2 protein chains.
Amino acid sequence: MKLSTRSTYGVRAMLALALHQRPTPFMVKEIAEQYDLPATYLEQLMTLLRKAGLVTAVRGAHGGYILARPAVEITLAEIIEVLEGPLRLADCPAGAACCGHPDTCALADVWEDARRALTNSFQQVTLAQLAERHANKQADAALNYAI
Amino acid sequence: MKLSTRSTYGVRAMLALALHQRPTPFMVKEIAEQYDLPATYLEQLMTLLRKAGLVTAVRGAHGGYILARPAVEITLAEIIEVLEGPLRLADCPAGAACCGHPDTCALADVWEDARRALTNSFQQVTLAQLAERHANKQADAALNYAI
DNA sequence: TGAAAACAAAGCGAAATACTCGGATTAATC
DNA sequence: GATTAATCCGAGTATTTCGCTTTGTTTTCA
C-alpha cells in the first residue's frame, strides 16, 4: 500500500521542472543528478508524462523538458494517475462470491469512498503550490541556520 | 497502488464474523467456503487479526473465531492497518537528496495529508455499519427480484 | 484416544517493480 | 555535412513482493 517509486520520482521531477525558472528546457540527466534519481529510469517516466500531455519534450542537442502547462494548472493527482494508474484501491470481485452479487456488496462503496478521499487530497495540490511551499521551507531553514 | 488481497480478504472475513449471529465460533474453513477465500491463506490472516486483538480464537475441535469486541467498536481502519501495515504512501528519503533536507521537503506534507485522508475514510466505517449496509442491500436486491 | 480445529514456520511460483541497455531519431553546432 | 547531444523506444533483467501451499505441532472436544 505504497505509491510506487514511479509516482514519487515523477512528482519530484515535475517539481524540479516547476522550480526550474529559466526558459531553457531541463534535461533528464540534470534532473536526475540534482534530485538523485536514476537517469535512464526517469527517462521512461518523462516519456509517459509527455504522452499524457503534462510535459513537452524538446528533442536534439540542448533539448530537455518543460511543463506543458503553467504549474498552477497541474495537480499532483494528474501526475500520480499517469504513473500509478487509476487509484482504485480494490476491485470488488464481480461475479465472485464476495457477497453473492456485486450490487449487494457493501464494500464497493467503501473502496469508492476511499478512492475519492485520496484523489481529492491529491487534486487539491498544484505544482505551483508545491513549489511555493518548497521555497518557503527552504527560506525558513536558511533563516534558522543563520541564527 | 492497490490494497493487497490481505486487507480485502481480512475485511471480508471480519464482515463474515459480524454477520455470523450465532454465539458459536465461526471456523476458518467455513468462512473460506462461504466467501470464496483461500482457506489456508485466510488462516494466516486470522492469526494476525488475533494477535492484534481484533478477534478471539477458540482452539480445538468445534473451535473457530469470534469478534473480540462488538462490531460497532471495530473500524475498517484497524483491520486494514493490521494486515496492510501503516498507510504511509511514501517515505521521504531522509538524508537523501530529495530536496536537500527532510525539513525542507514540501512533499512530506503532501504524503502525510493523503495518509490522513485515507485513514480517516476507513476510520469512519465500523463493522456494524458495514453489516447493516450489507443487509439493506441484500433486502433491496431481494425486493427487486420479487418485482 | 481420535478427530478437528487453530497455530507456526518455512517454502515457492508468479507477478510486479525498478531498473539497465542498445540502438534509432532528432536537432543544434562546428 | 559531420559531429555531438539530447530524446525516443523496445527489449531485457535482477530483485522484491505477493499470494498461497505445505508440513507439522498444539489444543480441545467427543
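Read on for a plain summary of the structure.

Scoring rules and cut-offs
- Going along each chain's sequence as written, the residues are numbered from 1 onward.
- The lettering of chains begins at A and the numbering of ligands begins at 1, in the order of writing.
- In view of the model being predicted, local features appear only for residues whose pLDDT reaches at least 70, and side-chain atom pairs are presented and counted only at 80 or more, with totals across whole chains, interfaces and linings using the full set of residues.
- Calculation of side-chain values draws on the structure's entire complement of heavy atoms; hydrogens and water are dropped beforehand.
- Any residue with a heavy atom lying within 4 Å of a molecule or strand is counted as near it.
- Counted as a polar contact is a pair of N or O atoms within 3.5 Å, where, for protein atoms, one must be capable of donating a hydrogen and the other of accepting one, and residues adjacent in sequence contribute only when both atoms are in side chains.
- Counting from the N terminus, the helices are DSSP H or I runs at least four residues long and the strands are E runs at least two residues long.
- Here the term charged refers only to Asp, Glu, Lys and Arg, the term nonpolar to Ala, Val, Leu, Ile, Met, Phe, Trp, Tyr, Cys and Pro, and the term polar to all other amino acids, Gly among them.
- One speaks of a salt bridge when a side-chain nitrogen belonging to Lys or Arg is within 4 Å of a carboxyl oxygen belonging to Asp or Glu.
- Each residue is placed in one exposure class: buried if its accessible area under a 1.4 Å probe, protein chains only, is under 20% of its type's maximum, exposed if it is over 50%, and partly exposed if it falls in between.
- Note on aromatic pairs: the rings of Phe, Tyr and Trp (six-membered ring only in Trp) are paired at centre separations within 6.5 Å, and the planes decide the class, stacked below 30 degrees, edge-to-face beyond 60, tilted for the rest.

Regarding the protein's contact with DNA strand C
Then, in step 1: Close contacts around DNA strand C come from 25 residues, with Tyr 9 and Gln 44 of chain A together with Met 27, Arg 50 and Tyr 65 of chain B the closest.
Then, in step 2: In DNA strand C, the atoms that sit within 4 Å of the protein are 70% sugar and phosphate, with bases accounting for the remainder.
Then, in step 3: Between a base oxygen of DNA strand C and a side-chain N or O atom of Gln 44 of chain A, the distance comes to 2.5 Å.
Then, in step 4: In the environment of DNA strand C, a base nitrogen lies 3.3 Å from a nitrogen or oxygen atom belonging to the side chain of Gln 44 of chain B.
Then, in step 5: Within the residue set of the surface near DNA strand C, elements represented by two or more residues are α1 (5-19) and α3 (39-51) of chain A together with α3 (39-51), β1 (55-58) and β2 (64-67) of chain B.
Then, in step 6: With 5 residues, the single largest contributor to the surface near DNA strand C is α3 of chain B.
Then, in step 7: Each residue belonging to the surface near DNA strand C can be placed in one class, and the counts come to 10 nonpolar, 10 polar and 5 charged.

Here's the deal with the pattern of salt bridges
All names here are of chain A.
Then, in step 1: Scanning the model with the defined rule gives 10 salt bridges over all chains in all.
Then, in step 2: Between Asp 113 and Arg 116 there is a salt bridge, with its nearest N and O atoms 3.5 Å apart. Here Asp 113 pairs with Arg 116, and both are found in helix α5 (residues 106-123), just 3 residues apart, close to one helical turn.
Then, in step 3: Taking relative accessible area as the criterion, Asp 113 reaches 35% and is therefore assigned partly exposed.
Then, in step 4: Judged by its relative accessible area of 48%, Arg 116 is partly exposed.
Then, in step 5: Via salt bridges that share partners, Glu 112, Asp 113, Arg 115 and Arg 116 belong to a single interconnected network.

Things to note about the packing of aromatic side chains
Then, in step 1: Throughout the structure, instances matching the rule amount to 4 aromatic pairs over all chains.
Then, in step 2: Ring centres 6.1 Å apart and planes at 80° place the aromatic pair Tyr 9 of chain A and Tyr 41 of chain A in the edge-to-face group. You can see Tyr 9 of chain A sitting in helix α1 and its partner Tyr 41 of chain A sitting in helix α3, a full 32 residues away along the chain.
Then, in step 3: Measuring from ring centre to ring centre gives 6.1 Å for Phe 122 of chain A and Trp 111 of chain B, while their planes differ by 80°; the resulting arrangement is edge-to-face. Of the two residues, Phe 122 of chain A sits in helix α5 while Trp 111 of chain B sits in helix α5 (residues 106-123), which places them in two different chains. Judged on exposure class, the residue Phe 122 of chain A and its partner Trp 111 of chain B are both buried.

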